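Structural overview
Residue-level listing of the chains:
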Amino acid sequence: MKNEMLALVLAGGQGTRLGKLTQSIAKPAVQFGGRYRIIDFALSNCANSGIHNVGVITQYQPLALNSHIGNGSSWGLDGIDSGATILQPYSATEGNRWFEGTSHAIYQNIDYIDSINPEYVLILSGDHIYKMDYDDMLQTHKDNMASLTVAVIDVPLKEASRFGIMNTDSNDRIVEFEEKPEHPKSTKASMGIYIFNWKRLREVLVNAEKNHVDMSDFGKNVIPAYLEAGDRVYTYNFDGYWKDVGTIESLWEANMEYIGDDNALNSRDRSWKIYSKNLIAPPNYIAKEAVVKDSLIVDGCFVSGKVTHSILSTNVQVKAGAEITDSFVMSGAIIGPGAKINRAIIGEGAVIGENIVIDGSEEVQVVGYNEVVGVPNED
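Since we're looking at a predicted model, the values are computed, not measured. (Residues numbered from 1 in each chain as written. Predicted model: local features only at pLDDT ≥ 70, side-chain atom pairs only at ≥ 80, totals over all residues. Heavy atoms only, no water.)

What follows is about the overall build of the protein chain. When helices and strands are tallied, the protein chain shows 8 helices and 31 strands. Against the 2.2 N^0.38 benchmark of 21 Å for 379 residues, the protein chain shows a C-alpha radius of gyration of 22 Å, consistent with a compact globule. Dimensions of the protein chain, computed from C-alpha atoms along their principal axes, come out at roughly 65 × 45 × 40 Å. Looking at the protein chain as a whole, 53% of its 379 residues are labelled buried. Pairs at least 24 apart in sequence give 57% of the contacts found in the protein chain among residues at least 6 apart. Just so you have it, the protein chain exposes about 17200 Å², and 46% of that area is on carbon and sulfur atoms. Mean positive and mean negative side-chain charge positions of the protein chain (32 and 49 charges, respectively) differ by 2 Å. (Helix = DSSP H or I, 4+ residues; strand = E, 2+ residues; numbered from the N terminus. Rg over C-alpha atoms; globule rule 2.2 N^0.38 Å. Buried < 20%, exposed > 50% of the residue type's maximum accessible area, 1.4 Å probe, protein only. Contact = heavy atoms within 4.5 Å. Areas by Shrake-Rupley, 256 points an atom, 1.4 Å probe, with all protein chains shown as cover. Lys, Arg positive; Asp, Glu negative; His and termini not counted. Charge placed at Lys NZ, Arg CZ, Asp CG, Glu CD.)

Listed below in structure tokens is the structure:
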């Protein structure tokens, strides 16, 4: 039986620009918004779009990601005809083969893809915050009789040189692709979301490997090759909220926007839920002396201090006299008595000592996973 579309989530990135936050965890497993991990958005989009089979391609520090995804039950991907499969590098007769690029990761998993036997493959990144109906994108792909469809988002002209830019004709057919152009001709930026006809992509990747042609990356190699070959390559124009949270600043911004007045992500939309494997925790406790304003406080938190325009994830403790402003605190963190936290991201399990000041007024500050700041060593 041929399945219509298989989703493949590229979740192997180390995320070096997130510094301390990804020293022991893959970027897509980093927490977001108090209840989620970044990869939850791609997986939830799949579930909401009616995609029943998802392969998650991992490489760097996959333990937390594997545990989080499990059998896919949190996203309804554990049925008879559905599944979430973790795909990791493995040893073959030619030796260990690490994934050398985005499309090389797909090539390495041809056997898995063939076992699903899809007509189309949807390629996703595991480190973006957004809501998208992939079924609508697939319909556009079919309407255009496309071989490849690239999701694009309109960006300000002054920022376009940071992206891969798709130049199109009046029918949205891509005529030229420019990787981070110094003088961009358009503002259609690639979102790193692609729909391919699997039979054609398989042919391109297998032939490239056989002939020792570098086809390791979608942006640098595959898209230009499709254009050169005259394939029908189109854009899918997306106009919703989308955020690449690959830097400390963008991750902090996305969390602040998540609780902002305009709620750009529309997190309260019950028709398009974001699912996650939630930690089991008791109800939160807000002491009578505590002050909480414009903040999201998740289950299991103990708050005895002051929290303003911030997110406290599961089981966070804020001791008496502590103040947290414009910050994102991940699960299990402890903020000591009298500590002052401003414009910061506090990693899972971090401990901030008494009266410690972490001030991100000039630049967003980060405390890493299980990092201890200002607590005397008991030895």
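Our focus in this paragraph is the packing of helix α6 (residues 198-210) against helix α7 (residues 218-229). Axis separation between α6 and α7 bottoms out at 12 Å; the angle between their running directions is 110 degrees. Put simply, α6 runs roughly perpendicular to α7. Contacts from Arg200, Leu201, Val204 and Leu205 of α6 reach α7 at Phe218, Val222, Tyr226 and Ala229. For the contact of α6 with α7, the per-class residue count stands at 7 nonpolar, no polar and 1 charged. (Axes fitted to C-alpha atoms, helices over the stretch in contact; angles between N-to-C directions. Parallel < 35°, antiparallel > 145°, perpendicular 65-115°, else oblique. Nonpolar A, V, L, I, M, F, W, Y, C, P; charged D, E, K, R; others polar.)

Its place among the elements puts asparagine 45 in helix α1 (residues 39-48). Of the polar contacts made by the side chain of asparagine 45, one reaches the backbone oxygen of tyrosine 130; its length is 3.3 Å. Non-local contacts of asparagine 45, meaning those with residues more than four positions away in its chain, are made with Tyr130, Lys131, Met132, Tyr134 and Trp272. (Polar contact = N/O pair within 3.5 Å; in protein donor to acceptor, adjacent residues only side chain to side chain.)

Time to look at the pattern of salt bridges. Pairing between side chains of opposite charge can happen when the charged atoms of each approach one another. Throughout the structure, instances matching the rule amount to 13 salt bridges. The closest approach of N and O atoms between glutamate 348 and arginine 37, which form a salt bridge, is 3.0 Å. Note that glutamate 348 is positioned in the loop between β27 (344-346) and β28 (351-352) and arginine 37 in strand β3 (residues 36-37), a separation of 311 residues in sequence. There is no split in this pair, since glutamate 348 and arginine 37 are both buried. (Salt bridge = Lys/Arg side-chain N within 4 Å of Asp/Glu carboxyl O.)

Below, the discussion takes up α6. Helix length check: α6, at 13 residues, gives a terminal C-alpha distance of 18 Å against a target of 18 Å (1.5 Å per residue), a fit within 8%. The complete set of buried residues in α6 reads Trp198, Leu201, Val204, Leu205 and Ala208. For α6, the buried positions fall inside an angular range of 130 degrees around the axis, keeping them on one side. More than 90 degrees from the buried face of α6, the exposed residues found are Lys199 and Lys210. Buried residues in α6 make contact with α3 (102-107), α4 (110-116), β8 (118-125), β13 (188-197) and α7. Within two residues after α6, histidine 212 carries a phi angle of roughly 55 degrees, on the positive side. (Expected span 1.5 Å × (residues − 1). Arc of directions from axis to C-beta.)

Moving on: the sheet that holds strand β30 (residues 365-367). If you walk across this open sheet you meet the 5 strands as β18-β21-β24-β27-β30, and the pairing is parallel. Only two strands of the sheet have a single partner each, and these edge strands are β18 (296-297) and β30. Here β27 runs beside β30; their pairing, made up of 3 bridges, is parallel. What sits directly across from isoleucine 346, in β30, is valine 367. (Pairing = 2+ DSSP bridges.)

Let's shift gears to the confidence of the model for the protein chain. Overall, the predicted model of the protein chain reaches an average pLDDT of 89, with 92% of residues at or above 70. A low-confidence stretch, residues 91-96 stays under pLDDT 50, and its non-local contacts, those more than four residues away or across chains, total 3 contacts. (pLDDT = per-residue confidence, 0-100.)

Attention now moves to the nonpolar core. Residues Leu124, Met132 and Tyr134 are the most contacted members of the largest nonpolar core, which totals 66 residues. The dominant element in this core, judged by the number of residues it contributes, is helix α8 (residues 248-258), at 6 residues. Every residue in contact with methionine 132, bar those within four places of it in the chain, is listed here: Asn45, Ser49, Met137, Ala151, Met191, Ile193, Tyr236, Phe238 and Trp272. Core analysis: the next-biggest nonpolar cluster, separate from the first, contains 32 residues, Leu6, Ile113, Ala208 and Met215 among them. (Core = buried A, V, L, I, M, F, W, Y, C linked by side-chain atoms within 4.5 Å.)

Hydrogen bonding along the main chain pairs the strands of a sheet, whether they run parallel or antiparallel. Strand order in the open sheet formed by 5 strands is β17-β20-β23-β26-β29, with parallel pairing between adjacent strands. Both edges of this open sheet fall to β17 (291-293) and β29 (357-359), since each of them pairs with a single strand only. On average, adjacent strands in this sheet sit at an angle of 5 degrees to one another, irrespective of strand direction. Taken together, the 3 bridges between β17 and strand β20 (residues 306-308) define a ladder with parallel strand orientation. Paired with valine 292 across the two strands is valine 307, which belongs to β20.

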